[in-house]
Amino acid sequence: MARRIDYSARYTHSTEQVYAALTNRDYWEARIEELRKYSDNRVESLEIGDDGIDLVLHHIIPRDGLPDLAQTVMKKDMVITRREHYSPFGEPVTGTYQASIPAGPGSLTGTMSLFSTDTGCTLRTSSEAKVFIPFVGGKLEQVMLVNLVDLFRTEAEVTADWLAKQ
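Per an unreviewed UniProt entry, the protein chain goes by the name DUF2505 domain-containing protein and belongs to Rhodococcus kronopolitis.

See the structure below:
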């Protein structure tokens, strides 16, 4: 059974400013630099075209940094490939993401929506975690989603700081 969670990052900047950041390689490098404090991360590719923005990130989490429950499943460092796609600029901007782990026993997917608010804009992410392991799958899904919210919170803070410096 899959578990779901929503996370909203609220910004005092406009959708145009946030979208412009999403098209900027320096912005993505700033996000990754913050995440490197916790594990090895890198921007694999960033492509901006008529169809929008396509991004591939790699997150490498050492096995000994995983929760005990996750270590029972993962026998090596966890390598997460995260693919994101954002539509061309408009109201709202929509997107999707998927995170995959080689030989991982599940999936992590989601949708994103960037839209204007009275005080700026909001980037809402709706995520779904599925783990296909009897008895512990639900617990692992919950661990994934809790850690995902922490990741999104950190990314939102970096975004707000980066935009404030522009």
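Having seen the structure, we can now continue with the description.
A. Spatial organisation of the side chain of His13. You can see His13 is positioned in the loop between strand E1 (3-11) and helix H1 (15-22). The exposure class assigned to His13 is buried, which follows from its relative accessible area of 17%.

B. Quick peek at the confidence of the model for the protein chain. This prediction gives the protein chain a mean pLDDT of 91; 100% of its residues lie at or above 70. Within the protein chain, H1 carries the highest mean pLDDT (97), whereas helix H3 (residues 68-71) carries the lowest (74).

C. Spatial organisation of the pattern of salt bridges. Per the counting criterion, the structure on display carries 11 salt bridges. Salt-bridge contacts for Arg4 lead to Glu128; the nearest nitrogen and oxygen are separated by 2.5 Å. A residue pair is termed long-range when its members are at least 10 positions apart, and Arg4 in strand E1 and Glu128 in strand E7 (residues 120-131) qualify at 124 residues. Arg4 sits in the exposed class, given a relative accessible area of 61%. A salt bridge links Arg25 to Glu29; the nearest nitrogen and oxygen atoms lie 3.2 Å apart. Here Arg25 and its partner Glu29 are both found in helix H2 (residues 25-35), 4 residues apart, which amounts to about one turn of the helix. The partly exposed category is assigned to Arg25, whose relative accessible area is 36%. What emerges from the salt-bridge pattern is a single network uniting Arg31, Arg82, Glu84 and Glu155.

Rules and cut-offs
- Numbering of residues starts from 1 in every chain and runs along the sequence as written.
- Only residues with pLDDT of 70 or above have their local features reported here, since the model is predicted, and side-chain atom pairs are shown and tallied only from 80 upward, although totals for entire chains, interfaces and linings are computed over all residues.
- The side-chain numbers reported here are obtained from all heavy atoms of the structure, hydrogens and water having been left aside.
- A run of H or I in DSSP counts as a helix once it spans at least four residues, and a run of E counts as a strand once it spans at least two, with each numbered from the N terminus.
- Relative accessibility under 20% of the residue-type maximum defines a buried residue, over 50% an exposed one, and the middle range a partly exposed one, all with a 1.4 Å probe and only protein chains included.
- Confidence per residue, as judged by the predictor, is encoded in pLDDT with a range of 0 to 100.
- We define a salt bridge as a side-chain nitrogen of Lys or Arg found within 4 Å of a carboxyl oxygen belonging to Asp or Glu.

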